Amino acid sequence: MIISKNKFVAVEYDLYVGEEGEDRILMESATRERPLQFIYGSGSMIEAFEEHIAKLRQGDKFEFSLNPEKAYGEYVDDHVVELPKTIFEVDGKFDAEYVKEGATLPMRNSDGGMFNGSVLEVKEDVVVMDFNHPLAGETLHFKGEVLDVHNPTEEEIDAINKSLSGGCGCGCGCDDGCDSDDCECGCDCK
């Protein structure tokens, strides 16, 4: 079976950024034991990633690069903003344990949309946040193998939909996402 619209796909891969050769940095890996799993054409993956693996079969290997335009876009300086520390208060106190340099925080805009921001700096009255994707401005280099392609089961569709809507995606069955404070599933995805 070939990779095509609405097929369940599992791949292992290494994702590198940087220039050719020794300067490349390994950013993430999906392994045989913990592959990337998705429904092809569902909008959950970078479109250009899907284009490069289209029509591959189980066992096929792939290697390709995506420039920033085809991946997460260019880095935009205007996406770095200063927010008042008061919006990070819990019960009238600034949450310095949670809001610290290097932390990635879930945020909500005025329209109710969810997105993540990275804390660059905590100043006296403001928190400097970067709302660029962490890989914005980077050329992505993928190298991997297709592990599985098949018609998805209802359980696979449900598990993938759950991971896209806030679950952790590890298959632990957590209903409210493993990044919530009251998660007790014990899967270590936090």
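Residues numbered from 1 in each chain as written. Predicted model: local features only at pLDDT ≥ 70, side-chain atom pairs only at ≥ 80, totals over all residues. Heavy atoms only, no water.

Asker: Help me out: how do you make sense of the sheet that holds strand β9 (residues 114–122) in this one?
Answerer: Paired through their backbone hydrogen bonds, the strands of a sheet run either parallel or antiparallel. The strand order across the open sheet built from 4 strands is β5-β10-β9-β8, with neighbouring strands paired in antiparallel fashion. With one partner strand each, in any of the chains shown, β5 (80–84) and β8 (104–108) form the two edges of the open sheet. Within this sheet the neighbouring strands show an average axis-to-axis angle of 45 degrees, counted without direction. Of the pairings in the sheet, the one linking β5 to strand β10 (residues 126–130) comprises 5 bridges and is antiparallel in character. Paired with Leu83 across the two strands is Val127, which belongs to β10. (Pairing = 2+ DSSP bridges. Helix = DSSP H or I, 4+ residues; strand = E, 2+ residues; numbered from the N terminus. Axes fitted to C-alpha atoms, helices over the stretch in contact; angles between N-to-C directions.)

Asker: Which parts of the structure should I look at to understand the nonpolar core?
Answerer: Counting residues in hydrophobic clusters, the biggest one holds 24 residues, and the most contacted among them are Ile3, Phe49, Ile53, Phe62, Leu66, Leu140 and Phe142. At the level of elements, β1 (8–17), α1 (47–53), β4 (61–66) and β11 (140–150) are the ones that each hand at least two residues to this core. For this core, the leading source of residues is β1, giving 5 residues. Not counting residues within four places of it along the chain, the set of residues in contact with Phe49 comprises Val11, Leu36, Phe38, Phe64, Leu66 and Phe142. (Core = buried A, V, L, I, M, F, W, Y, C linked by side-chain atoms within 4.5 Å. Buried < 20%, exposed > 50% of the residue type's maximum accessible area, 1.4 Å probe, protein only. Contact = heavy atoms within 4.5 Å.)

Asker: Please clarify how the pairing of β9 should be interpreted in this entry.
Answerer: Note on strand geometry: in a regular strand, side chains alternate between the two faces of the sheet. With 5 bridges connecting them, β8 and β9 associate as antiparallel partners. When the sheet's bridge partners are listed, Leu105 is paired in β9 with Gly117. Linking β8 to β9, which pair antiparallel, is a turn of 5 residues; within it Gly112 sits at a positive phi near 90 degrees. For β9 and β10, the ladder comprises 4 bridges, and the chain directions are antiparallel. Directly across from Val122, in β10, lies its bridge partner Val127. The turn linking β9 back onto β10 is made up of 3 residues.

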